[in-house]
Amino acid sequence: TMLLVSRADCLAIGLGAAVILNGETDWRGRLWLSVAFTGAAFALGLAFGASAMALVGHTLICAALAVYLMAVAQGAPERNSLDKPILCYFGETSYAVYLTHMPVLWLAHALVRHAAPALDSASGLLVTLACAPITFALAHVLTRYVEAPITTIGRSFQWGPPREPAQATTRTAVSG
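Residues numbered from 1 in each chain as written. Predicted model: local features only at pLDDT ≥ 70, side-chain atom pairs only at ≥ 80, totals over all residues. Heavy atoms only, no water.

Asks: Whenever I open this one, the packing of helix H4 (residues 85-112) against helix H5 (residues 122-155) confuses me. Can you help?
Replies: Helix packing for two helices is described by the angle between their axes and how far apart those axes are. In the contact formed by H4 and H5, the axes pass within 6 Å of each other and the chain directions differ by 135 degrees. Taken together, H4 and H5 sit at an angle that is classed as oblique. The element H4 and its partner H5 pack so that their crossing is right-handed. Of the residues belonging to the contact of H4 with H5, the class tally is 15 nonpolar, 9 polar and 2 charged. (Axes fitted to C-alpha atoms, helices over the stretch in contact; angles between N-to-C directions. Helix = DSSP H or I, 4+ residues; strand = E, 2+ residues; numbered from the N terminus. Parallel < 35°, antiparallel > 145°, perpendicular 65-115°, else oblique. Left-handed = near helix turned anticlockwise from the far one by under 90°. Nonpolar A, V, L, I, M, F, W, Y, C, P; charged D, E, K, R; others polar.)

Asks: When you look at the packing of aromatic side chains in this model, what are you seeing that I'm missing?
Replies: What characterises a pair of aromatic rings is the spacing of the ring centres plus the angle enclosed by the ring planes. Under the definition given, this model contains 3 aromatic pairs. Centroid distance Phe90 to Phe136: 5.6 Å. Interplanar angle 70 degrees. Geometry classified as edge-to-face. One end of the pair, Phe90, is in helix H4; the other, Phe136, is in helix H5, with 46 residues separating them in the sequence. Of the residues examined, Phe136 reaches a relative accessible area of 34% and is grouped as partly exposed. In textbook terms, an aromatic cluster arises when at least three aromatic residues are bridged by ring pairs, as seen for Tyr89, Phe90 and Phe136. (Phe/Tyr/Trp six-rings, centres within 6.5 Å; stacked < 30°, edge-to-face > 60°. Buried < 20%, exposed > 50% of the residue type's maximum accessible area, 1.4 Å probe, protein only.)

Asks: What is the right way to look at the nonpolar core in this model?
Replies: Note that soluble globular proteins tend to have their nonpolar side chains buried in a common cluster. In terms of nonpolar packing, the biggest core is built from 5 residues, these being Val104, Leu105, Ala108, Val127 and Cys131. Every element with two or more residues in this core is listed here: H4 and H5. When residues in this core are grouped by element, the largest group, 3 residues, is from H4. Dropping the residues within four chain positions of it, Ala108 is found in contact with Arg113, Val127 and Cys131. (Core = buried A, V, L, I, M, F, W, Y, C linked by side-chain atoms within 4.5 Å. Contact = heavy atoms within 4.5 Å.)

Asks: Explain H5 to me, please; I cannot follow it from the model alone.
Replies: Note that an α-helix has 3.6 residues per turn; residues three or four places apart therefore point the same way. With 34 residues, H5 ought to run about 50 Å at 1.5 Å a step, and its terminal C-alpha atoms sit 46 Å apart, in line with that. All of the buried residues in H5 are Gly124, Val127, Cys131, Thr135, Ala139 and Thr143. Buried residues in H5 make contact with H4. (Expected span 1.5 Å × (residues − 1).)

Asks: Explain the environment of Gly124 here, please?
Replies: One can find Gly124 in helix H5. We classify Gly124 as buried; its relative accessible area is 0%. Along the chain, Gly124 and His109 lie 15 residues apart, while their C-alpha atoms are 7.4 Å from each other. Ignoring any residue separated from it by four or fewer positions in sequence, one finds Gly124 in contact with His109, Arg113, Ala118 and Leu119.

Asks: I tried to follow a nonpolar patch on the surface on my own but got confused; where do I start?
Replies: A cluster of nonpolar side chains, namely Leu82, Ile86, Leu87, Phe90 and Phe136, defines an oily patch on the protein surface of about 420 Å² accessible area. It is H4 that provides the largest number of residues to the nonpolar patch, a total of 3 residues. Topologically, Leu87 is positioned in helix H4. Residue class for Leu87 comes out partly exposed when judged on its relative accessible area of 41%. (Patch = residues over 30% accessible without salt bridge, like charges linked within 9 Å, V, L, I, M, F, W, Y side chains within 5 Å. Areas by Shrake-Rupley, 256 points an atom, 1.4 Å probe, with all protein chains shown as cover. Salt bridge = Lys/Arg side-chain N within 4 Å of Asp/Glu carboxyl O.)

Next comes the structure, spelled out in structure tokens:
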């Protein structure tokens, strides 16, 4: 496992993306930058092995994803492919899945196999696969009955000065 401080670069990239996103409106260059970062990360991994990927590859992947998400948030055409109900559902429950998957996995393996989670046997694989629906059911309940009400309360406050409406995208201006 990795400690949070060992991936603070990705946290900083996400924070930087949020700051940049509040000031810029052109997404076109970001998509190519995202592809370039991803390509550079894979090239490093292929050329120098796992150590290069561990040193800088993950940072480049984080940067690529931040650039891509900034472009999507600003109306890049790729956004349309992400507006599927199933993807929205997984996006809404992903944090609860993240919080619950390891406790469910460890508890299930301890109860059924009396061992730590492992995929080295058929029983380990079956217990792990059985954890998926349990994890998603628990995540659904947590999202609906814990996270959603807290989010509603948080959104009821005005945290800063009112924002100006976002500029219309070219597509909206042409069709409107």
